[in-house]
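Geometric and topological summary
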Amino acid sequence: WLKARSKEYNISEENYIVKKEKISIETLDDYIKKQNLKRIDLLKIDTQGYEDKVLEGAIDNLKNQKVGAVITEIMFDNVYSRYLSFSDIEKHLLPNNFRMVGIDLANNNLFSGLVFFADVYYLNKKFHDI
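This write-up is about the structure you can find in this document. Given the structure is predicted, the values throughout are model-derived calculations rather than measurements.

1. Focus: the overall build of the protein
Of the regular secondary structure elements, the protein holds six helices and four strands. Across the protein, helices and strands are ordered from the amino to the carboxyl terminus as α-α-α-β-α-α-β-α-β-β. Relative to its 130 residues, the protein shows a buried fraction of 31%. Across the protein, the fraction of contacts at a sequence separation of at least 24, relative to all contacts at a separation of at least 6, is 66%.

Take a look at the structure:
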């Protein structure tokens, strides 16, 4: 992505990056525990190829049926250094009582006629009559 974007703007890859920062990351399981949340109705994940890592960090709450629905983006192209398949996402969701119920392709306007990414909807069967 960086190589293509810097070439598009005729800037070297080194000069395209303005600043790098180290950040701390907290798992959703830790955040939910710290905030004393009883349940998450909707978990929206759009992390440019790291959706599986977000789900791994929420695995205790997924297993304990504390998440009602998940919407996650899935990429169908290698725009980022990481891109996932449905199985990469579903290995965390299907064993924990989730079922895919929809795919939204509405926001695919980067390339005319090409499906680039989609939002995929999963519902926890415990909370929804599906």
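The discussion continues.
2. Side note on a nonpolar patch on the surface
A contiguous nonpolar surface patch, about 330 Å² in accessible area, is contributed by Phe-76, Met-100, Ile-103 and Leu-105. The residue Phe-76 is located in the loop between strand 2 (67-75) and helix 6 (86-93) in this model.

3. Some details on helix 6
Residues Ile-89, Glu-90, His-92 and Leu-93 constitute the buried set of helix 6. On an axial view of helix 6, the arc spanned by its buried residues comes to 155°, and they lie on one face. Contacts made by the buried residues of helix 6 are with helix 4 (51-56), helix 5 (59-63), strand 2, strand 3 (98-104) and strand 4 (117-124).

4. Side note on the nonpolar core
Where a protein is soluble and globular, its nonpolar side chains tend to be buried together. One finds Leu-62, Val-67, Val-70, Leu-93, Phe-98 and Tyr-122 to be the most contacted residues of the largest nonpolar core, which totals 17 residues. Of all elements in the fold, only strand 1 (40-45), strand 2, helix 6 and strand 4 reach the threshold of two or more residues within this core. Residues within four places of Leu-62 in sequence aside, it is in contact with Leu-55, Val-67, His-92, Leu-93, Asn-96 and Phe-98.

5. So, the sheet that holds strand 1
Here we have four strands laid out as an open sheet, ordered 1-2-4-3, and mixed in their pairing. Edge positions in the sheet fall to strand 1 and strand 3, since each of these pairs with one other strand and no more. Strand-to-strand twist in this sheet, taken as the mean axis angle between neighbours without regard to direction, amounts to 20°. The pairing of strand 1 with strand 2 spans five bridges and is parallel. Looking at the pairing, Ile-40 lines up with Val-67 of strand 2. Taken strand by strand, helix 6 contacts strand 2, strand 3 and strand 4, and its axis lies near 15° from that of strand 4.

6. Some remarks on unusual backbone geometry
Residue Asn-36 is not a glycine yet carries a positive backbone phi of 55°. Counting through the fold element by element, Asn-36 comes out in the loop between helix 3 (28-34) and strand 1. Of the residues examined, Asn-36 reaches a relative accessible area of 53% and is grouped as exposed.

Definitions and limits used
- Chains are numbered independently. Their residues run from 1 in the order of the written sequence.
- Per-residue local features are limited, in this predicted model, to residues with pLDDT of at least 70; the limit for side-chain atom pairs, both in listing and counting, is 80 or more; totals at the level of whole chains, interfaces and linings are taken over all residues.
- Excluding hydrogens and water, the side-chain figures rest on all heavy atoms present in the structure.
- Numbering of helices and strands runs from the N terminus, with a helix taken as a DSSP run of H or I at least four residues long and a strand as a DSSP run of E at least two residues long.
- Only protein chains enter the accessibility calculation, which uses a 1.4 Å probe; a residue whose area is less than 20% of its type maximum is buried, one above 50% is exposed, and one in between is partly exposed.
- Pairs of residues are marked as contacts when any of their non-hydrogen atoms sit within 4.5 Å.
- Each patch is built from salt-bridge-free residues with over 30% relative accessible area, joining like charges within 9 Å and nonpolar side chains (Val, Leu, Ile, Met, Phe, Trp, Tyr) within 5 Å.
- Residue burial considers only the protein chains on display, and all accessible areas are found by Shrake-Rupley using a 1.4 Å probe.
- For this analysis, a salt bridge means a side-chain nitrogen from Lys or Arg found within 4 Å of a carboxyl oxygen belonging to Asp or Glu.
- This arc corresponds to the set of directions leading from the helix axis out to the C-beta atoms.
- Grouping buried Ala, Val, Leu, Ile, Met, Phe, Trp, Tyr and Cys residues that are joined through side-chain atoms within 4.5 Å yields what is termed a nonpolar core.
- We call two strands paired when DSSP finds no fewer than two bridges between them.
- Note on method: axes are straight lines fitted to C-alpha atoms, helices fitted across the in-contact stretch only, with angles between N-to-C directions ranging 0 to 180 degrees.

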